[in-house]
Structures are given as structure tokens and as C-alpha cells.
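# Commentary on secondary and tertiary structure
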Amino acid sequence: MKTPDTQHILIDLQYLPSLEFFTCVLNFDEIVLESNEYFAKQSYRNRCYLKGSNKVEMLTIPVIDGNKKILMKDVEIDYSQRWETIHWRTMNAAYGKSPFFEYFADYFQAVYDKKPKFLWDLNYSFLTICLKLLKVDKTIRQTDFYQKEVNEGVFDARSLINAKKDYKSNDFYQAVAYQQNFGNDFVPNLSIIDLLFCRGNQSLEILKKSSTI
């Protein structure tokens, strides 16, 4: 896929983003996160997918007043459901025996333990951790206000990476198989933690091979 000749990408902030997200943002020097959009239900903003022993697991963060029109930066997490314990147990069950889990797990557990009030802060922490583990240095900033039409020189990827759409519809990402847990059937475009825990320091190279931009 060809993108405009630009160094900036505008994109929504997601929960432990998919490989499609990372193959896209790797090609830009600056990541601009859209903080002034309205929260969208049933989206990657509060869900991710992992490979479990018997199926692909969907992990969803419950939020407060998710049915109302709330700016993404103002969405509060609902901790009454103890979702963070469930998510962490699911990750341990899925990746506890993976080659790189013991090296990376503490970074992620520390964020869950802090229990950030806002979904934005949780997602931002995880994004910066994932980029650090990938050894990728990017300038990251968030929007000051919402613009329907973006400025020249910015690639608008907002809502293009969508949990309800097949990743093939965007052509950012082509599946490059790597060794996953639980059987030989490769599942593409899972959360970045699947790649990090399974392949570790090979993850960035696999992402580069997966990018069509």
C-alpha cells in the first residue's frame, strides 16, 4: 500500500494494539494520537485478541458510561469487575511458557497493578512499553482538538484499523507466520504481545516484513 509522502500519522490509541497497527506506525517518524474523538464501543480502543490453548481470546476493558458520548481522553475504566485480574491470568495461561514471557511480563504487570483511572493512560503506557521492547524510537504526541480534515503532510489512519473489519481491507499488513503457542495453525494479526512473548528480539524484523507500506 502506498501512503502520502509524509512523516506523520494520525491514529486512534488502542489497547495492546494489533500487528496491523504496528506495521502501520513503524513507517512514520511521528505518531499523533487522536485524543479528542468520541469513544467507540466494540473497537480496539478497549479490546485486544490473544491466542489461547483452545481458541482466540478476546480481552475487553469495561468502561464507565461507555454508552454516552465521551471523549476518548476522558473515558474512565470500571474496576468493579476485576477485569485486570482476568486479563493478567489469561495472558499467563496463554504465554507463561513462551520464550520471552519471563523477560517482558513485569513491564505489563506493573501497568495493571497501577490501575490507571483513565483508559487513555492505560493504553498510552502499554504503547510506549511495546515500542520500547521493540527498540523503536518514535515521537509521540496527542491532538489538542478534533479536526475532521487533517493538515497536509499527515496520514489520517483514524478508525482504519477496526476490530469489525478484516485486516486485509486496509492492506497495511500482510501476515508473516512465526512460531506461536498451541499448535501449528498460525493466527494472524493478534495483539503485539503475542509476537513479543513468542519471538522477542525477532519481533521488529517480523513486523518490517509484514508491512506493505
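Use the structure listed above.
It should be emphasised that the depicted structure is a prediction, and the values quoted were computed from it without experimental measurement. (Residues numbered from 1 in each chain as written. Predicted model: local features only at pLDDT ≥ 70, side-chain atom pairs only at ≥ 80, totals over all residues. Heavy atoms only, no water.)

### Observations concerning the pattern of salt bridges
Quick note on the threshold: Any Lys or Arg side-chain nitrogen located within 4 Å of an Asp or Glu carboxyl oxygen qualifies as a salt bridge. Helix numbers and strand numbers start at the N terminus; a helix is a DSSP run of H or I with at least 4 residues, a strand a run of E with at least 2. Buried, partly exposed and exposed residues are distinguished by accessible area as a fraction of the type maximum, computed with a 1.4 Å probe on protein chains only: under 20%, between the cut-offs, and over 50%, respectively.
This structure, assessed with the given rule, holds seven salt bridges. For Glu 34, the salt bridge is made with Arg 158, and the minimal N-O distance between the two is 2.9 Å. Separated by 124 residues along the polypeptide, Glu 34 in the loop between strand E2 (30-33) and strand E3 (47-51) and Arg 158 in the loop between strand E6 (154-156) and helix H5 (192-199) bring together distant segments of the chain. Taking relative accessible area as the criterion, Glu 34 reaches 1% and is therefore assigned buried. What emerges from the salt-bridge pattern is a single network uniting Asp 12, Glu 37 and Arg 45.

### Looking at helix H4 (residues 119-133)
Convention followed: Multiplying one less than the number of residues by 1.5 Å gives the expected span of a helix. Two residues qualify as a contact provided that any one of their heavy atoms is within 4.5 Å of a heavy atom in the partner residue.
With 15 residues, H4 should reach 21 Å at 1.5 Å per residue; the first-to-last C-alpha distance of 21 Å fits that figure. Residues of H4 that are buried include every one of Leu 119, Trp 120, Leu 122, Asn 123, Phe 126, Leu 127, Ile 129, Cys 130, Leu 131 and Leu 133, and no others. Summarising the contacts, the buried residues of H4 are in contact with helix H1 (19-25), E2, helix H2 (83-95), helix H3 (101-114), strand E5 (139-142) and H5. Where H4 ends, the next residue or the one after it, Lys 135, has phi of about 60°, a positive value.

### Observations concerning the pairing of E2
Worth spelling out the cut-off: Each pair of strands is called paired provided DSSP finds at least two bridges between the two strands.
What you see with E2 is no split at all: Glu 30 and Val 32 on one side and Ile 31 and Leu 33 on the other are buried throughout. Judged from the four bridges that link them, strand E1 (residues 8-11) and E2 form a sheet pairing that is parallel. Its bridge partner lying in E2, Ile 9 is registered against Ile 31. Across four bridges, E2 lies against E5 in parallel orientation. Residue Ile 31 lies in a different strand from E5, and its bridge partner there is Ile 140.

### Description of the sheet that holds E5
Selection rule: To obtain each axis, a line is fitted to C-alpha atoms, and for helices this fit is confined to the stretch in contact; angles are then taken between N-to-C directions over 0 to 180 degrees.
A sheet is described by the order of its strands in space; here four strands give the open sequence E5-E2-E1-E6, paired in parallel fashion. Whereas interior strands pair on both sides, the edge strands pair on one side only; in this sheet they are E5 and E6. Pairwise comparison of adjacent strand axes, ignoring direction, gives a mean angle of 25° for this sheet. Two elements, E1 and E6, share three bridges in a ladder whose sense is parallel. Residue pairing across strands places Ile 9 opposite Phe 155, the latter belonging to E6. Set on the sheet, H4 makes contact with E2 and E5; between it and E5 the angle comes to about 170°.

### Details of the packing of aromatic side chains
To be explicit about the condition: Here a Phe, Tyr or Trp ring, Trp counted by its six-membered ring, pairs with any other such ring whose centre lies within 6.5 Å, and the pair is stacked when the planes are under 30 degrees apart, edge-to-face when over 60, and tilted otherwise.
Applying the stated rule across the entire model yields 17 aromatic pairs. With a centroid separation of 6.2 Å and an interplanar angle of 50°, the aromatic rings of Phe 100 and Tyr 103 are classed as tilted. Owing to a relative accessible area of 55%, Tyr 103 belongs among the exposed residues under this scheme. Centroid distance Phe 100 to Phe 104: 6.2 Å. Interplanar angle 20°. Geometry classified as stacked. For Phe 104, a relative accessible area of 12% translates into the label buried.

It is worth stressing that arrangement in space is one thing and function is another; only the former is reported here.
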